[in-house]
Amino acid sequence: MKYKSQKIAYLFFATCLLLLSLQIVYGFIMGFARIGMDGLHDWLPYNVARTTHTNLLVVWLLTGFMGAAYFMIPDEAGRELYSPKLAIIQYASWVLVGVVAVIGFHFQWWEGRKFLEIPRPLDFLVVVNVLLFLFNIGMTIWQGKRFSTTGLVMFFGLFSAALLYLPGMIYFDNQTADSFFRWWVVHLWVEGVWELIMGAILAYLLIKLTGIDREVVEKWLYVVVGLTFLSGILGTGHHYYWIGTPGYWLMVGGVFSALEPLAFLAMAIWAIQMYRKSGRQHPNQIGLYWTMGCAIMSFVGAGFLGFAHTWPQVNQWTHGTLVTAMHGHMAFWGAYAMLVLAIIAYAMPMMTGRKLWNNLTGYLAFWTANIGMVGMTGALAVAGISQVYLERKLGLDFLVVQKEIQVHFVGMLLAASLFATGIILYIINFIRFGLPKDEAMIPEDSGDDVAALNTRLQTA
Ligand code: HEM
Ligand code: HEM
Ligand SMILES: [Fe+2]
């Protein structure tokens, strides 16, 4: 790391791993409830667990993006963060809002928009908080030594994500209107502006880890941004098939969402190309694993498994079933969870000066988490396809079918245990790094030189 203020990222990274752990706990609570072990039901009904699980996911990913921005932006802009003090205040208030929201869910204090159940008063606090964050990051870029494409795309992605949060706060009596605007947040986030954040973080990681010229890496970033907008905006229509919106959305949503995998494919090819062309071996192999893994698994989870149910002809059968949950898990994992784990894996040795960058725990964490997630996705796929067949082809009652597919959740729980083991190993490694240290600083003018880094960093 070149700037002291980059250390602030650590707070966000540590918090986001804590929230991920909590998310997994709620996942298990639901998984066990699904196989009939619902002893917690009276205190923690399924809908509470589900709301907490999905909202924790959104919050920890956003926390990770913020940490990534605090780490990357000073480096990209070539100066210290505009105001480290403000960043700490922003961190503390962000955590406070998150904690209040999660506790509130347990008393059913929420607003019923899936993924965005945070109640209105807290929404306003989120807006103020994110404005503080954007101001700090924006001023750092504005007063920086240089404007990098990567930094600007990152800022634009974060800024648009904040802007798109607002339509989700408008209140509608009409169910169709309410659903219509919910997707402006949920869809336009994950298949729109979050992809820009993803592109920017990947660009940063690829520049650092492969040593390929910034110009080459950033040219690809433009392609990713272009493909994302071309397909993702009108692709929103794949959520407008059955909610009471006009019929033309079947066509618009079908065609444009079917193009969405292209952006993810481009990111996968981009990462593989950069990796193959890179002349040098960066010592941080675990960082590289997560980076490449993210680029590839996002294509599988979002691109391939999204495409699988995006045509109206298919979606009319699969809509709102466990097929959706199957895709939701792998897409969020591949694209955004792995992305955050990649930037953490890259940043930790830089912040702490410890060379824990290709140890057994790290590799095991990567493989067990990924194999576990593939298993979970497989179990959900089988459950989902059975559900579609029994419920929608044969016309059996919803609850009868849920009982019928119960057994697949035993499989899911086994895979989830493997997955959770991977995350525990990742966190063990994270803890072993210790806290960020000023001794890990490298000279401002040292470029991205691996050699400079190697001589500077102490041995683990
Ligand atoms: C990283 C990117 C993506 C993430 C994180 C993601 C995640 C999700 C999630 C969580 C849902 C459930 C939403 C809800 O019902 O509230 C969903 C639904 C859906 N996704 Fe994705 N997705 C991504 C990309 C894609 C892509 C690229 C496609 C198409 C090629 C796609 C197609 C769909 C479809 C058709 C649905 C609606 C399923 C239904 O009708 O129940 N997704 N996605
Ligand atoms: C031990 C691990 C986990 C278990 C056992 C688990 C289990 C579950 C269950 C049972 C549901 C509700 C399905 C339903 O009834 O509709 C769910 C929803 C969801 N989970 Fe997980 N989960 C785990 C980890 C994760 C992780 C790591 C992610 C993201 C990276 C994730 C993302 C989601 C999403 C997006 C939904 C909502 C899906 C939808 O809208 O259809 N989960 N999870
Ligand atoms: Fe979508």
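Here, the structure is the one placed above.
Residues numbered from 1 in each chain as written. Chains lettered and ligands numbered in written order. Predicted model: local features only at pLDDT ≥ 70, side-chain atom pairs only at ≥ 80, totals over all residues. Heavy atoms only, no water.

Q: Tell me about the pattern of salt bridges, residues and numbers included.
A: A complete count under the given rule lists 11 salt bridges for this structure. Where D75 meets K2, a salt bridge forms, and the shortest distance between an N and an O atom there is 3.9 Å. Of the two residues, D75 is situated in helix α2 (residues 46–77) and K2 in the segment before α1 (9–34); the sequence distance between them amounts to 73 residues. Each of the two residues, D75 as well as K2, counts as buried. Between K145 and E444 there is a salt bridge, and its shortest N-O distance comes to 2.9 Å. In this pair, K145 sits in the loop between α4 (120–142) and α5 (149–165) while E444 sits in the loop between α15 (408–433) and α16 (450–456), placing the two residues 299 residues apart along the sequence. What makes K145 exposed here is its relative accessible area of 59%. When its relative accessible area of 45% is taken as the criterion, E444 is described as partly exposed. Among the charged side chains, a salt-bridge network with shared partners connects E111, R113, R120, D123 and D178. (Salt bridge = Lys/Arg side-chain N within 4 Å of Asp/Glu carboxyl O. Helix = DSSP H or I, 4+ residues; strand = E, 2+ residues; numbered from the N terminus. Buried < 20%, exposed > 50% of the residue type's maximum accessible area, 1.4 Å probe, protein only.)

Q: Would you mind going over the site of ligand 1 in detail, with residue names and values included?
A: Taken together, the neighbourhood of ligand 1 is formed by 27 residues, with K114, H319, G320, T324 and H327 sitting nearest. R182 is positioned such that a nitrogen or oxygen atom in its side chain is 3.0 Å from an oxygen atom of ligand 1. One of the backbone N or O atoms of G320 is found 2.7 Å from an oxygen atom in ligand 1. Contributing elements (two or more residues each) for the shell around ligand 1: α6 (175–210), α9 (261–277), α10 (285–307) and α12 (322–352). The leading source of residues in the shell around ligand 1 is α12, at seven residues. (Near = heavy atom within 4 Å. Polar contact = N/O pair within 3.5 Å; in protein donor to acceptor, adjacent residues only side chain to side chain.)

Q: Break down the packing of aromatic side chains for me, with residues and values.
A: Using the criterion set out here, one finds 38 aromatic pairs in the structure. Taking 6.1 Å as the distance between ring centres and 35° as the angle between the ring planes, the aromatic pair formed by F115 and F332 counts as tilted. In this pair, F115 is assigned in the loop between α3 (84–106) and α4 and F332 in helix α12, connecting sequence segments 217 residues apart. Accessibility classification places F115 together with F332 in one group, the buried group. Relative to W249, the ring of Y240 has its centre 4.9 Å away and its plane inclined at 80°; by these criteria the two rings are edge-to-face. Across the pair, W249 and Y240 agree in class, each one buried. Taken together, the ring pairs connect Y289, W290, W333, Y363, F366, W367, F419 and Y426 into an aromatic cluster. Between R182 and the ring centre of W183, over which it is positioned, the NZ or CZ distance is 4.3 Å. Across from the ring centre of W317, 4.5 Å away, lies the NZ or CZ of K393, which sits over that ring. (Phe/Tyr/Trp six-rings, centres within 6.5 Å; stacked < 30°, edge-to-face > 60°. Lys NZ or Arg CZ within 6 Å of the ring centre and 35° of its normal.)

Q: Can you explain the environment of L11? Please cite residues and give values.
A: Along the chain, L11 turns up in helix α1. Relative accessible area serves as the criterion here: at 29%, L11 is assigned to the partly exposed category. Remark: the alpha-carbon pair of L11 and P436, spanning 425 residues in sequence, is separated by 9.9 Å. With residues near it in sequence (within four places) discarded, L11 still touches I88 and Y91. (Contact = heavy atoms within 4.5 Å.)

Q: Quick one: what's the story with the coordination of the iron atom of ligand 2, residue by residue and with numbers?
A: On the protein side, the iron atom of ligand 2 has H53 (NE2) and H329 (NE2) as donor atoms, found 2.0 to 2.1 Å from it. Seen from the iron atom of ligand 2, its six donor atoms lie at angles of 87 to 178°, and the figure they make is octahedral. Here the residue H53 occupies a position in helix α2, and H329 occupies one in helix α12, the gap between them amounting to 276 residues. A residue is classified by how much of its surface remains accessible, and H53, at 12% relative accessible area, is buried. (Donors = N, O, S within 2.8 Å, 3.2 Å for Na, K, Ca; no water. Tetrahedral: all angles 85-135°; square planar, octahedral: opposite > 155°, others 65-115°.)

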